[in-house]
Amino acid sequence: MCGIVGYTGKNEALPVVTGGLFALEYRGYDSSGVAVLCGGKTEIVKKTGKLENLMAALEKAQLKGTCGIGHTRWATHGEVTETNAHPHTVGKTVLVHNGIIENYVSVGKMTNTDFKSTTDTERACALFNELYERCGDGLQTITSACREFVGSYAFLVMFKDEPDIFYAVRNGCPLVVGTADGGFAACSDVAACDFGEYYKLSDGDVAKVTKDGISFFDKDGAPISKEALTPKKSFSAPDKCGFPHYMLKEMEEIPTVLKNTLEAHIKDGLPYFEGVEDEIFKNMNRLRIVGCGTAYHAGLVCEHISRRLTGIEGDIYIASEYRYSGHKLNKDDAVIFITQSGETADTLACIRMCRAQGAYTLGVVNVPTSTAVEECDGVILTHAGSEIAVASTKAYVTQLAALYLIVLKMSLVKGTLTEDEVRGLCGELLNGVCAESRLSDTDKITINRIAEKYSECRDMFYIGRGLDSVLCSEASLKLKEISYVHSEAYPSGELKHGTISLITEGVGVFAILTDERLYLKSIGNIEEAAARGGSVIALCKEGFCKDKNYDLIPCRISNDLFAPFAVAPRFQYFAYCMTIIKNLDPDKPRNLAKSVTVE
Ligand code: F6R
């Protein structure tokens, strides 16, 4: 989503700021802009569309100055226009903003400003400016203005008559400051700047960043000290490594990152989670899992597996619903939060809500430096490495790996499986499953051929039973989010309760069949769809559907329990092929952002 970068120091600000914006680009944006402060004046350049458009404009504008801020915007309030793009300026104030100021209408009314844009940000900027005009002090302005805001924000603010200085303040949106490039930088993601050491702002913290150093203050303006951190270099810098798209590269990495995740959490042949007591799993009498999108879908798989192996049922919640659901928890409860980025606003809000009620919060998180890692009581890291493509592929598979190990741990501590059984399943995961997740050249050719055949298809229904039915939800999301083909996921048996009325000639039916026990039932449902004109693709266990006239994507599955690890890479690759055939960019689908930092 929106990204912000600031710099002040002895070097030109623009290369650092635009470099940071490029590093944040993968998160998704629709316009961008920069402002440089020099000699009591600020120059602002903004453009809609790709950063290349901004760079072309900057070449002409030749902005010079050693203090500057920049932004990539993902529109919330107001359409995608240059006027609505950031930075915004009112009077002596220039700023960039991530988040949403919910009370922006009343904030705007507190000032006497003729607004040019329709954004909440310009209203906030006007309030900063009004207060600055009154007191003439940057720090006091920041703390007073923030008292008025309702909502989430990370701001970088410059005042035209405070040379070489910018202020950073946050509430609910990530923001770090630190040493970088012969000066000091601020950024919404630590990985986007080449920090020496850095400091994480907490809600309410204000950083005054000058060309000589950084000072920190609390929400009332009293000085505070912060702990210096060293960036973890384990997260590789974005690099396609010769692949045409990040998504393809990330799918190729699945067998490796799956192995990395399993090896990190299997010790002496059994599931092991550093820092998480066995008691937590022993006390779980109900599985509670919270996440959004793909992470939520990983939770659905976990619930299914848990029912099968431990007999424990679960409640899997979409974070944006859970946070307002009024669920009551107590100190004996534990809740699992799945999040790749660790910065998803709704998921973070749920973590805080559960902690406030005294429940134990267990994060299954990919980004080790994220807010979720910081805020959860216990953390199980997935080791997918940085995922740049908007559509989650390898991160989803590693989430599944971590969740399977959680269920195996529960089975062990609750005694629903013996130690030998758990050891055997851990061994299968490590040795068999990683191999089954790898696509051969033949697999790729088959899937691509089928995608070509279905490339004109406008509707695709994903159907399956049991575990396959929950995989359908993720398969359907993958297809629609990057290829823009309308798709829906249904349990196979549910079609005839309404949705089958939509199955006509040319409608795609993508069936997932991996469960021996449900095979004949599934075939019956597929035939019902085929009889009404549906064209059937079957992603199935090797040997299934051989006598059928379906387009087959067979995969080797040695144990039905672990089918998701073989199935997911194949439906992800199908979505990728459909997207490429349509000449669309799978890495940056329209309207989407990688890290959803607003609710
Ligand atoms: C879809 C996708 C999203 C994310 C969701 C949660 O491919 O990636 O649905 O899964 O936005 O993001 P995280 O896991 O970062 O909390």
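Quick caveat: nothing in here was measured; it's all calculated off a predicted structure.

**Points about the packing of helix α13 (residues 394-414) against helix α14 (residues 419-436)**
Part 1 of the argument: Two elements in contact, α13 and α14, have axes whose closest approach is 9 Å; the angle formed by their N-to-C orientations is 170°. As the angle between them shows, α13 and α14 are arranged roughly antiparallel. The residues of α14 that touch α13, namely those facing Tyr 404, Leu 405, Leu 408 and Leu 412, are Glu 419, Val 422, Leu 425, Cys 426 and Leu 429.
Part 2 of the argument: Of the residues that constitute the contact of α13 with α14, the class distribution is eight nonpolar, no polar and one charged.

**Describing the packing of aromatic side chains**
Part 1 of the argument: Counted according to the given criterion, the structure contains 17 aromatic pairs.
Part 2 of the argument: Here Tyr 404 and Phe 562 contribute two aromatic rings whose centre-to-centre distance is 5.6 Å and whose plane-to-plane angle is 45°, an arrangement assigned as tilted. Placement of the pair is Tyr 404 in helix α13 and Phe 562 in the loop between β26 (551-555) and α18 (563-581), with a sequence separation of 158 residues.
Part 3 of the argument: A relative accessible area of 2% means that Tyr 404 is categorised as buried.
Part 4 of the argument: Connected via pairs of aromatic rings, a cluster forms that spans Phe 128, Phe 149, Tyr 153 and Phe 155.
Part 5 of the argument: Above the ring of Tyr 272, the side-chain terminus of Lys 267 is found at 4.4 Å from the ring centroid.

**A few points about the domain arrangement of the protein**
It is common to report an interface's size as the accessible area lost on association of the parts.
Part 1 of the argument: Partitioning the protein into structural domains gives domain 1 (3-235), domain 2 (245-438) and domain 3 (439-599).
Part 2 of the argument: Using C-alpha coordinates to define each centre, domain 1 is positioned 43 Å away from domain 3.
Part 3 of the argument: Contacts between the two partners involve twelve residues from domain 1, matched on the other side by ten residues from domain 3.
Part 4 of the argument: For the pair domain 1 and domain 3, the two sides together bury roughly 870 Å², of which 58% comes from carbon and sulfur.
Part 5 of the argument: Per-residue buried area on domain 1 facing domain 3 is highest for Tyr 26, Arg 27 and Trp 74; these three make up 48% of the total on that side.
Part 6 of the argument: There are one salt bridge connecting domain 1 and domain 3.
Part 7 of the argument: We note a salt bridge from Lys 588 to Glu 25, for which the minimum N-O separation is 4.0 Å.
Part 8 of the argument: Inspection of the domain 1/domain 3 interface yields two residue pairs in polar contact (both at pLDDT 80 or more).
Part 9 of the argument: Counted by class, the side of domain 1 that touches domain 3 contains five nonpolar, three polar and four charged residues.

**As for the nonpolar core**
Part 1 of the argument: Membership of the largest hydrophobic core comes to 94 residues, with the highest contact counts inside it found for Ile 336, Ile 406, Met 460, Phe 510, Phe 565, Phe 571 and Phe 574.
Part 2 of the argument: Considering every element that reaches this core, the biggest residue donor is α13, with 13 residues.
Part 3 of the argument: For this core, the domains that each give at least three residues are domain 2 (245-438) and domain 3 (439-599).
Part 4 of the argument: With near-sequence residues (within four places) excluded, Met 460 lies in contact with Tyr 454, Leu 479, Val 485, His 486, Ser 487, Glu 488, Gly 508, Val 509, Phe 510, Ile 537 and Phe 574.
Part 5 of the argument: In terms of nonpolar packing, the next biggest core, distinct from the first, is built from 26 residues, Tyr 7, Val 36, Leu 58 and Val 176 among them.

**A look at the state of the cysteines**
Part 1 of the argument: Counting across every chain of the model gives zero disulfides.
Part 2 of the argument: A disulfide-free cysteine, Cys 434 has its sulfur positioned 12 Å from the sulfur of Cys 426, the nearest such atom.

**Regarding the sheet that holds strand β5 (residues 88-90)**
Part 1 of the argument: An order of β5-β6-β7-β8-β12-β13-β14 is seen for the seven strands of this open sheet, with the pairing classed as antiparallel. Edge strands, defined here as strands with exactly one partner in the open sheet, are β5 and β14 (223-224).
Part 2 of the argument: In this structure, β5 lies alongside strand β6 (residues 93-101), joined through three bridges in antiparallel fashion. Within β6, the residue paired with Val 90 across the bridge is Thr 93.

Reading the values: rules and limits
Residues numbered from 1 in each chain as written. Predicted model: local features only at pLDDT ≥ 70, side-chain atom pairs only at ≥ 80, totals over all residues. Heavy atoms only, no water. Axes fitted to C-alpha atoms, helices over the stretch in contact; angles between N-to-C directions. Helix = DSSP H or I, 4+ residues; strand = E, 2+ residues; numbered from the N terminus. Parallel < 35°, antiparallel > 145°, perpendicular 65-115°, else oblique. Contact = heavy atoms within 4.5 Å. Nonpolar A, V, L, I, M, F, W, Y, C, P; charged D, E, K, R; others polar. Phe/Tyr/Trp six-rings, centres within 6.5 Å; stacked < 30°, edge-to-face > 60°. Buried < 20%, exposed > 50% of the residue type's maximum accessible area, 1.4 Å probe, protein only. Lys NZ or Arg CZ within 6 Å of the ring centre and 35° of its normal. Domains from an automatic or database assignment. Buried area = accessible area lost by both parts, 1.4 Å probe. Salt bridge = Lys/Arg side-chain N within 4 Å of Asp/Glu carboxyl O. Polar contact = N/O pair within 3.5 Å; in protein donor to acceptor, adjacent residues only side chain to side chain. Core = buried A, V, L, I, M, F, W, Y, C linked by side-chain atoms within 4.5 Å. Disulfide = S-S within 2.5 Å. Pairing = 2+ DSSP bridges.

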